Amino acid sequence: MDGDRVEIDGGIMEGGGQILRVSTALSCLLGLPLRVRRIRAGRNQPGLRPQHLSGLEIIRDLCDGKLTGGEIGSTEITFTPGKIKGGTHVADTKTAGSVCLLMQVAMPCVLFAASPSELYLKGGTNAEMAPQIDYTVMVLKPIVEKFNFTFNCDIKKRGYYPQGGGEVVVRMSPVKELSPINLTERGTVTKIYGRAFVAGALPIKLAKDMSSAAVRCIRKEIRDLYINIQPVREPDDQAVGTGSGIIIVAETSTGCLLAGSSLGKRGKNSDKVGIEAAEMLLKNLKHGGTVDDSLQDQLIIFMALAKGVSRVKSGPITLHTQTAIHFAEHLTKAKFTVTKSEEEDPSNDTYIIECQGMGMINPNL
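Not measured: the values here are computed from a predicted model.

Visitor: Would you mind showing me how to read the pattern of salt bridges here?
Guide: Should their charged atoms come close, side chains of opposite charge can pair. Applying the stated criterion to the full structure yields 25 salt bridges. The shortest N-O distance in the salt bridge between Glu128 and Lys265 comes to 3.4 Å. Here the residue Glu128 occupies a position in the loop between β6 (117–123) and α4 (133–144), and Lys265 occupies one in the loop between β14 (257–263) and α6 (270–286), the gap between them amounting to 137 residues. Linking Arg216 and Asp271 is a salt bridge whose minimum nitrogen-to-oxygen distance equals 3.4 Å. One end of the pair, Arg216, is in helix α5 (residues 204–219); the other, Asp271, is in helix α6, with 55 residues separating them in the sequence.

In structure tokens:
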């Protein structure tokens, strides 16, 4: 069997967990046995961390696959996929490892399962170096559902660094195939809204300070729009540990959603948290694309699987996106092209990501 394994170098390009997520999800979908070497070679702690291992385990369980090398710190794994099945699956990072990254690896697979799936994901809901769960619900969900599927994301408990303890239940039904998307018209910003949250030992005043600082920052650039950033204190029975943060979303006349977000941490001024999120949002609005920097790479796997040509207009292509494209092309028959967008406004730095998808068909339906 080993002669037919696809060899993946986990140390090139972005050199992190994303290579593992994209390649194992596609391995599972396409029935390709895989060997990944030099896992996370680009990181200061190379090898599998708890959240990467949980991601591999949920993929293995989803398809009754075989995984070797699945332990913390391992820099090489082999994976042999089986048949994707629906039903209930649990993944627990047992740390503050991001539940959103577990969703990233599992979602494309369960779309092509034999029956509906329920994923119980445990870990950090609002973690550094990963999308916050609020981003997943407010931005990712409405946009990826344009590929012609729906999912339900129920936040049972929020969990923060360092202990995690968050719980999210994702429910999805399988589809026959995915439709391509065309996100090339930005339109004008019609509203800006968000939530600034505190949980655990932190007072609501911090959430209000984050919200006010963010609004002041956005007001310097965008004067005429109502900005509604709700300060919230998470209920104690729905949050584990102490945490704070903010997410701000801009919605446009064509239905685009772009966001900025930031997390609080000990010793970090709450005004600074609000300003960071606002500046990230303004930067994402400035380039003129239809997706923000966090969404760009998350759409690649769906574009690769869809039937037909997808087109997305983005700002400068991130290394995460380049990496996702590289491995999606390597493993599927999808073909991507990235071209500089011809803009009326020369200050816009935008690109068109185009993909001729492989047209994956669900063999179970």
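Picking up after the structure, the text goes on.
Visitor: Would you take a moment to explain the side chain of Arg35 for this structure?
Guide: Mapped onto the fold, Arg35 is located in strand β2 (residues 34–37). Of note is the side chain of Arg35, whose polar atom sits 2.6 Å from the side chain of Glu7.

Visitor: Even after reading the chapter, I still don't get the sheet that holds strand β1 (residues 6–9), so can you show me in this structure?
Guide: By definition, the strands of a sheet pair up through backbone hydrogen bonds, in either a parallel or an antiparallel sense. Across the sheet, four strands lie side by side as β1-β2-β4-β3; this open sheet has mixed pairing. Bordering the open sheet on either side are β1 and β3 (66–68), each of which pairs with just one other strand. Between one strand and the next, the sheet's axes are offset by a mean angle of 15 degrees, whatever the strand orientation. Relative to strand β4 (residues 77–80), β3 is paired through three bridges, and the arrangement is antiparallel. Across the sheet, residue Thr68 finds its bridge partner in β4, namely Thr78.

Visitor: Help me understand the sheet that holds strand β13 (residues 243–252) in this model?
Guide: Read from one edge to the other, the open sheet built from four strands follows the order β11-β10-β13-β14, with strand pairing classed as mixed. Each of the sheet's edge strands pairs with one partner strand only, and the pair in question is β11 (227–233) and β14. Strand-to-strand twist of the sheet, defined as the mean angle between neighbouring strand axes without regard to direction, takes the value 15 degrees. Relative to β11, α5 is tilted by about 165 degrees, and along the sheet it contacts β10 (189–199), β11 and β13.

Visitor: Where do I start with α6 in this structure?
Guide: Think of an α-helix as 3.6 residues a turn; residues three or four steps apart then line up on the same face. Relative to the 24 Å expected for 17 residues at 1.5 Å per residue, α6 spans 24 Å between its end C-alpha atoms, a close match to the ideal helical length. Within the sequence span of α6, burial applies to Ser270, Val273, Gly274, Ala277, Ala278, Leu281, Leu282, Asn284 and Leu285. Here the buried residues of α6 occupy an arc of 165 degrees about the axis, which is enough to place them on one side. Projecting away from the buried face of α6 at angles above 90 degrees are the exposed residues Lys283 and Lys286. For α6, the N-terminal capping position is held by Asn269, with its side-chain oxygen 2.6 Å away from the main-chain nitrogen of Asp271.

Visitor: Would you explain the domain arrangement of the protein in this entry?
Guide: Bring the parts together and some accessible area is lost; that lost area is often taken as the interface size. As assigned here, the protein comprises domain 1 (6–177 + 315–326) and domain 2 (189–287). Of note, the centres of domain 1 and domain 2, computed from C-alpha atoms alone, are 26 Å apart. Facing the 22 residues of domain 1 at the interface are 24 residues of domain 2. Between domain 1 and domain 2, a total of about 1700 Å² is buried, with carbon and sulfur atoms accounting for 63% of that surface. Area buried by domain 1 at its contact with domain 2 is led by Gln132, Met138 and Tyr160, which between them contribute 34% of it. For the interface between domain 1 and domain 2, the tally reads three salt bridges. The partner of Glu234 in a salt bridge is Arg158, with the nearest N and O atoms 3.2 Å apart. Of all the elements, α4 adds the most residues to the side of domain 1 that touches domain 2, at six residues. Tallied by class, residues from the side of domain 1 that touches domain 2 come to nine nonpolar, seven polar and six charged.

Visitor: Please explain unusual backbone geometry as it appears in this structure.
Guide: For residues other than glycine, phi is negative in most cases, and the peptide bonds are mostly trans. A cis amide bond links Tyr161 to the next residue, Pro162, at an omega of 5 degrees. With respect to the element layout, Pro162 can be found in the loop between β7 (151–159) and β8 (166–172). The backbone phi angle of Met13 is positive, close to 50 degrees, even though this residue is not glycine. With respect to the helices and strands, Met13 occurs in the loop between β1 and α1 (17–30). By relative accessible area, which is 35% here, Met13 ends up partly exposed. You will see that Asp64, though not glycine, has its phi angle at about 50 degrees, which is positive. If you trace the backbone, Asp64 turns up in the loop between α2 (50–62) and β3.

Basis of the calculations
- In this numbering scheme, every chain counts its residues from 1 along its sequence in written order.
- Only residues with pLDDT of 70 or above have their local features reported here, since the model is predicted, and side-chain atom pairs are shown and tallied only from 80 upward, although totals for entire chains, interfaces and linings are computed over all residues.
- Side-chain numbers come from the whole structure's heavy atoms, not from hydrogens or water.
- We count a salt bridge whenever a side-chain nitrogen from Lys or Arg sits within 4 Å of a carboxyl oxygen from Asp or Glu.
- Working definition: helices are DSSP H or I runs of at least four residues, strands are E runs of at least two. Numbering for both runs from the N terminus.
- Pairing of N or O atoms within 3.5 Å defines a polar contact, subject to two protein rules: one partner must be a possible hydrogen donor and the other a possible acceptor, and residues neighboring in sequence count only if both atoms are side-chain atoms.
- A pair of strands counts as paired when DSSP detects no fewer than two bridges linking them.
- For helices, the fitted line uses only the C-alpha atoms of the stretch in contact; every axis is such a line through C-alpha atoms, and the angle between N-to-C directions lies from 0 to 180 degrees.
- Contact definition: two residues touch when any of their heavy atoms are within 4.5 Å.
- A helix is expected to span 1.5 Å for every residue after the first.
- Only protein chains enter the area calculation, which uses a 1.4 Å probe; residues under 20% of their type maximum are buried, those over 50% are exposed, and those in between are partly exposed.
- Arc, as used here, means the arc of the directions from the helix axis to the C-beta atoms.
- As used throughout, domain bounds are those supplied by an automatic or database domain assignment.
- What gets called buried area is simply the loss in accessible area from a 1.4 Å probe that two parts show on being joined, summed for both.
- Asp, Glu, Lys and Arg are counted as charged, while Ala, Val, Leu, Ile, Met, Phe, Trp, Tyr, Cys and Pro are counted as nonpolar; the rest, among them Gly, fall into the polar class.

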